[in-house]
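Listed here are the chains, written in short residue letters.
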Amino acid sequence: MPLVWLPDWSCSLDGLRDFIAAGIQSFRDCDGGALLAVGCLLLLFVWYCYHVGREQPRVYPPVNALMQGAEANGVQNGFVYCHAPECARCSPHDGLNQKLYHNLQEYAKRYSWSGMGRIHKGIREQGRYLNSRPSIQKPEVFFLPDLPTTPYFSRDAQKHDVEVLERNFQTILCEFESLYKAFSNCSLPQGWKMNSTPSGEWFTFYLVNQGMCVPRNCRRCPRTYRLLGSLRTCIGNNVFGNACISVLSPGTVIAEHYGPTNIRIRCHLGLKTPSNCELVVGGEPQCWAEGRCLLFDDSFLHTAFHEGPPEEGPRVVFMVDLWHPNVAAAERQALDFIFAPGR
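Just so we're clear, the structure is a prediction, and the values are computed from it rather than from any experiment.

### Comments concerning the overall build of the chain
Then, in step 1: Per the secondary structure count, the chain includes 11 helices and 15 strands.
Then, in step 2: With 343 residues in all, the chain has 47% of them scored as buried.
Then, in step 3: Considering only intrachain contacts with a sequence separation of at least 6, the fraction spanning at least 24 residues in the chain is 76%.
Then, in step 4: When the accessible surface of the chain is totalled, it reaches about 17600 Å², and 57% of it is carbon and sulfur.

This is the structure in structure tokens:
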């Protein structure tokens, strides 16, 4: 600092010191005016905190109206939208923000507002977040702010669960093969669901569908279902949690689409992985491997395809939704409450 400024700097420090000393002396003398001013400031601060906590979320257009892409004959982003009231992806989203905020307030009354800052912020600003997201990542239902974003995750992101799934690869494969024997050219076996695709065939067999156990299917895969209970980060108590066997027939392309939220990472355990099969997330291609897990954020724009020859058979993965590693334990508990099936 140039020496010419030293006198002015010294004067500033002297003035600050005198101001602080005068304030301390006022309190010592029980200056009524100073005490009243401090009391008013404290009351204003308390009122502000209460007001922020009680503030209702802003009203935005329904989430479905914010989504980009063509809609034709009820098909959006490669899925047939069923409009069932219990479906998180397909049901109307009018008043969704108000409903979520009501659920958050109910949770806070029962438990605590502690650790809810990010969820509170996300719900209040949901429409703005979904509008401002780059087209590469646009979750359809709920966006939690301030989470690290990347299309793919390393195996260490949920190391314990990845190791459990890979150790039980043969168990899951055997139960799938038993199920797959029921397929024929004439009909879709009970428990299987056919999904909409631009070409080819894509089948899923759900053990857990949007947080709800499918008892009949679980009884047909008892060891795989029990295995879910040994996973530490499996999402099993809210509408964003799923576990299923996913089968792509040769010649199948799944249209590009976004998942409903960024609070999860989707895990694919390869059961059968023919050649020329790829998953593309956020423009980055990856291949499955038998007995190995592939972790990705399905709120990024993603697609999958099987261009292998018919004689190689289908591509098969066991899919399970795990918590995003940066969602804290307190946030997981609150999100399970807010997005509980049927709420």
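### Digging into the nonpolar core
Then, in step 1: Core analysis: the biggest nonpolar cluster contains 33 residues, and L165, F176, W192, I245, L271, F318 and V320 have the highest contact counts within it.
Then, in step 2: Among the elements of the structure, helix 7 (159-167), helix 8 (169-180), strand 6 (202-209), helix 10 (222-228), strand 8 (243-248), strand 10 (264-272), strand 13 (293-296) and strand 15 (315-323) are those that each provide at least two residues to this core.
Then, in step 3: Those residues within four positions of F318 in sequence are excluded, and the remaining contacts are L165, I172, L207, T224, L228, A243, C244, I245, C267, H268, L269 and L271.
Then, in step 4: Counting residues in hydrophobic clusters, the runner-up holds 23 residues, among them L96, L147, I235 and W323.

### A closer look at the sheet that holds strand 12 (residues 284-286)
Then, in step 1: As summarised here, the arrangement of the 4 strands in space is 9-14-11-12, forming an open sheet in which the pairing is antiparallel. For this open sheet the edge positions go to strand 9 (252-257) and strand 12, each flanked by a neighbour on one side alone. For this sheet, the mean inter-axis angle between neighbouring strands, taken without regard to orientation, is 15 degrees.
Then, in step 2: Taken together, the 4 bridges between strand 9 and strand 14 (residues 302-306) define a ladder with antiparallel strand orientation. Paired with H257 across the strands is H302, a residue of strand 14.

### As for unusual backbone geometry
Then, in step 1: A positive phi is found at D146, a non-glycine position, where the angle reads about 70 degrees.
Then, in step 2: If you trace the backbone, D146 turns up in the loop between helix 6 (126-132) and strand 4 (152-153).
Then, in step 3: Owing to a relative accessible area of 54%, D146 belongs among the exposed residues under this scheme.
Then, in step 4: Notably, Q210 is not glycine yet its phi reads approximately 50 degrees, a positive angle.
Then, in step 5: If you trace the backbone, Q210 turns up in the loop between strand 6 and strand 7 (212-213).
Then, in step 6: Looking at Q210, the relative accessible area reads 18%, which means it is buried.

Definitions and cut-offs
Within every chain, residues take consecutive numbers counted from 1 along the sequence as written. Two thresholds apply to this predicted model, a pLDDT of at least 70 for residue-level local features and 80 or more for giving and counting side-chain atom pairs, whereas whole-chain, interface and lining totals are computed over all residues. Excluded from the side-chain calculations are hydrogens and water; all other atoms, namely the structure's heavy atoms, are used. Working definition: helices are DSSP H or I runs of at least four residues, strands are E runs of at least two. Numbering for both runs from the N terminus. Only protein chains enter the accessibility calculation, which uses a 1.4 Å probe. A residue is then buried if its area is under 20% of the maximum for its type, exposed if over 50%, and partly exposed in between. Contacts are assigned to residue pairs that have any heavy atoms within 4.5 Å of one another. Here the Shrake-Rupley method, with its probe set to 1.4 Å, supplies the accessible areas, and only the displayed protein chains count as covering residues. To qualify as a nonpolar core, a set must consist of buried Ala, Val, Leu, Ile, Met, Phe, Trp, Tyr and Cys residues joined through side-chain atoms within 4.5 Å. When DSSP locates at least two bridges between a pair of strands, those strands are taken to pair. Orientation is described by lines fitted to C-alpha atoms, with helices fitted over the stretch in contact, and by angles between N-to-C directions that extend from 0 to 180 degrees.

By themselves, these figures tell us nothing about what the structure is for.
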